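Notes for the structure review
One letter stands for each residue in the lines below.
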Amino acid sequence: MSYTIKTDSLSKRFGDIQSVDNITIDVEQSEVYGFLGSNGAGKSTTMKMLTTLLRPTSGSARVAGYDIATQQSSVREHIGFVQQESAIDEYLTGRENLILQARLSRLEPAVAERRIDELMETTGLADRQHDATVTYSGGMKKRLDIASGLLHRPTILFLDEPTVGLDIQTRHRIWEHIHTMHKEYDMTVFISTHYMEEADMLCDRICIIDQGKVKAVGRPSQMKENLEQEVINMRSDNAVLLSDNISSIDGVQDIRRTNDTLQIHVSDGPQTIPIIFQKAQSLNIQIQSVSMTGPTLDDVYISYTGHQIREQGPEPRRKRRW
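Heads up: these notes are all about the structure in this document. Small disclaimer: the values here were computed from a predicted structure and weren't measured.

1. Overview of the environment of S74
- With respect to the helices, strands and loops of the structure, S74 is situated in helix α2 (residues 72-77).
- Given a relative accessible area of 23%, S74 falls into the partly exposed group.
- As for S74 and V63, which are separated by eleven residues in sequence, their C-alpha atoms are 9.2 Å apart.

2. With respect to the nonpolar core
- Formed by 43 residues in total, the largest nonpolar core has its most connected members in L36, I146, L150, L159 and I206.
- Residues lining this core come from more than one domain, with at least three contributed by each of domain 1 (3-219) and domain 2 (225-321).
- Contacts of L150, omitting those with residues within four sequence positions, involve L119, L157, M181, Y185 and M187.
- If you look at the next biggest cluster of nonpolar residues, it comprises 22 residues, including I25, L50, I156 and I209.

3. Let's talk about the sheet that holds strand β15 (residues 287-293)
- The four strands are arranged β13-β14-β12-β15 in an open sheet whose pairing can be described as antiparallel. Every other strand in the sheet has two partners, leaving β13 (252-258) and β15 as the edge strands with one partner each. Strand after strand, the sheet turns through a mean of 20° between neighbouring axes, direction not considered.
- Of the strand pairs in this sheet, β13 and strand β14 (residues 261-266) are connected by six bridges, and their pairing is antiparallel. Opposite R256, over in β14, you have Q263 as the bridge partner.
- The sheet contacts of helix α10 (residues 269-282) involve β12 (230-236), β13, β14 and β15, and relative to β12 the element is tilted by about 25°.

Conventions used here
Position numbers for residues start from 1 in each chain and track the written sequence from start to end. With the structure being a predicted model, the display of local features is reserved for residues of pLDDT at least 70 and the display and counting of side-chain atom pairs for 80 or more, all residues being used for whole-chain, interface and lining totals. Only hydrogens and water are set aside when side-chain values are computed; all heavy atoms of the structure are taken into account. For the purposes of this entry, the term helix denotes a DSSP run of H or I that reaches at least four residues, the term strand denotes a run of E that reaches at least two, and both are numbered from the N terminus. Only protein chains enter the calculation, and the probe is 1.4 Å; a residue is then buried if its accessible area is under 20% of its type maximum, exposed if over 50%, and partly exposed in between. Only buried Ala, Val, Leu, Ile, Met, Phe, Trp, Tyr and Cys residues count toward a nonpolar core, and they belong to the same one when joined by side-chain atoms within 4.5 Å. Boundaries between domains were set according to an automatic or database domain assignment. We call two residues contacting when some pair of their heavy atoms lies within 4.5 Å. Pairing between two strands is assigned when DSSP locates at least 2 bridges connecting them. Note on geometry: axes are C-alpha line fits, over the in-contact stretch for helices, and angles between N-to-C directions span 0 to 180 degrees.

Here it is as structure tokens:
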């Protein structure tokens, strides 16, 4: 098996805080690998170590075959890194931003021009490439950031929360661009995210990380299948009373209530639904609707961590000292 990222007990401590705790992962060549966790789980710290921006406290890692501690220049030559906060200059046009990035990467002018033309088309920015980026939407700026990370043709592209703070339509468009570019350039993509749908849609495999520790690794579809759980969605005129009286039914594993709707996690849906109806009838509770689905990635995450991921926005900007 060919691995483009391989870590061995990688750890990072900040004073008394253990941000990353003995992480051991293997990322295969050309796969999209997702780092799924909440804010503060250790995702960005791990990514900064893998991209040589932070030195590990202990453990080791190789990226594109190079040691992150002793061969930093070689690692940087083979990676692209798109951070959560945009790195584009808003007073330059889209094309000028890529020209600047090409010069920093020491690309030959002819090669740079050809690649910039190609990336402008791929990211859908060709018709706005000569406009100042201060006029770009959030999604357009993120696409330009991704184009900057691809300009030098990296072996591995690191994306730190690529769609955080964007609306759902823009998020979907970014996912489409990532999927297209991954196929076109046949590169490894390492993506950190707290969006379940993003991990499910994009990633070949995901690593669930919580409080700096790896909780589980696997393919999203397989992880959901292994949960051996079904979800009954039920709306009634007295969800509180119904919830209190069905929690002891055999096979009921978890109940979550939102207003008048119950999300009931069970081991055998077809067997449990009639029992719930009988219980509701005996309590004179009217069930207004019922449906059954398979487990989601959110259920998988909760089963390994014991909590949900709360919706989070981008981290507040730090003041810059000039």
